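Next come the chains, spelled out residue by residue.
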Amino acid sequence: GIEYQQTSEVVHSIKLITRVGCEKIIRYAFAYARANGRRHVTCMTKDNIMKHTDGLFHQVFNEIATEYPEITTDHYIIDIGSARLADDPGRFDVIVTMNLYGDIISDIAAEVAGSVGLCGSANIGDNFAMFEANHGSAPDISGLNLAKPSGLINAACLTS
């Protein structure tokens, strides 16, 4: 998004969503599901409140889902979807959502699996991919001899 500081007491944030961007990530989720024998894709948005931006994402999800009749789908509002993920992660197979929500639920899923520090992360593009520990570089523990390489090792395993 784009943020503006209008006055010392007023800030403004703009959420940008494009059809092209929605199509790209949603098609990737369905293609991933098909290629990996996954049978279900869940969309998570907040389109009950953000009717235009999140609504577009949900609409594109529904349109693309028709191209994958062998894959079942559902949709959750992001807050209840996050709660369900924390309570029963096994109910989900592939989740597709927007960047901010994905960042939040990836930490929830990592914590449910054991720890944010254990999980690897993949940022996959058309020509390049970047793999890193889910928690990032953890500069707050730099020099304290506390870092564990598990997240980075698990990220490296995602490359295969």
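What comes next is a walk through the structure. (Residues numbered from 1 in each chain as written. Predicted model: local features only at pLDDT ≥ 70, side-chain atom pairs only at ≥ 80, totals over all residues. Heavy atoms only, no water.)

**Digging into a nonpolar patch on the surface**
- Residues Ile25, Tyr28, Tyr32 and Ile124 make up a contiguous nonpolar surface patch of roughly 370 Å² in combined accessible area.
- It is helix 1 (residues 19-35) that contributes the most residues to the nonpolar patch, 3 residues altogether.
- Looking at the element boundaries, Ile124 is found in strand 6 (residues 120-124).
- With a relative accessible area of 48%, Ile124 lands in the partly exposed category. (Patch = residues over 30% accessible without salt bridge, like charges linked within 9 Å, V, L, I, M, F, W, Y side chains within 5 Å. Areas by Shrake-Rupley, 256 points an atom, 1.4 Å probe, with all protein chains shown as cover. Salt bridge = Lys/Arg side-chain N within 4 Å of Asp/Glu carboxyl O. Helix = DSSP H or I, 4+ residues; strand = E, 2+ residues; numbered from the N terminus. Buried < 20%, exposed > 50% of the residue type's maximum accessible area, 1.4 Å probe, protein only.)

**Quick word on helix 1**
- Taking 1.5 Å per residue, 17 residues should reach 24 Å; helix 1 reaches 24 Å between its end C-alpha atoms and fits that length.
- Here helix 1 has its buried residues at Cys22, Ile26, Ala29, Phe30 and Ala33. Taken around the axis of helix 1, the buried residues stretch over an arc of 90°, which confines them to a single face. Across helix 1 from its buried face, at more than 90 degrees, point the exposed residues Val20 and Ala35.
- Buried-residue contacts for helix 1 involve strand 3 (40-45), helix 2 (53-65), strand 4 (72-77) and strand 5 (94-97).
- Of the residues trailing helix 1, Gly37 is marked for its positive phi of about 65°. (Expected span 1.5 Å × (residues − 1). Arc of directions from axis to C-beta. Contact = heavy atoms within 4.5 Å.)

**Brief notes about the packing of helix 3 (residues 78-87) against helix 4 (residues 99-113)**
- Viewed as axis vectors pointing N to C, helix 3 and helix 4 meet at an angle of 15°, and their least axial separation amounts to 9 Å. When the interaxial angle is binned, helix 3 and helix 4 end up roughly parallel. Handedness of the helix 3/helix 4 crossing: right-handed. Across the interface between the two elements, Ile78, Ser82, Leu85 and Ala86 of helix 3 pack against Tyr101, Ile105, Ile108, Ala109 and Val112 of helix 4.
- Taken together, the residues of the contact of helix 3 with helix 4 sort by class into 8 nonpolar, 1 polar and no charged. (Axes fitted to C-alpha atoms, helices over the stretch in contact; angles between N-to-C directions. Parallel < 35°, antiparallel > 145°, perpendicular 65-115°, else oblique. Left-handed = near helix turned anticlockwise from the far one by under 90°. Nonpolar A, V, L, I, M, F, W, Y, C, P; charged D, E, K, R; others polar.)

**So, the pattern of salt bridges**
- Evaluation of the coordinates by the stated rule reveals 9 salt bridges.
- Of the charged contacts in the structure, one is a salt bridge between Glu23 and Arg19, with a shortest N-O distance of 3.5 Å. Here Glu23 pairs with Arg19, and both are found in helix 1, just 4 residues apart, close to one helical turn.
- Look at Glu23 and you get partly exposed, because its relative accessible area is 25%.
- A relative accessible area of 32% places Arg19 in the partly exposed class.
- Between Glu67 and Arg27 there is a salt bridge, with its nearest N and O atoms 2.6 Å apart. Here Glu67 is found in the loop between helix 2 and strand 4, whereas its partner Arg27 is found in helix 1, with 40 residues between them in sequence.
- Assessed through its relative accessible area of 41%, Glu67 is described here as partly exposed.
- Among the residues examined, Arg27 registers a relative accessible area of 34% and is labelled partly exposed.
- Among the charged side chains, a salt-bridge network with shared partners connects Arg19, Glu23 and Glu63.

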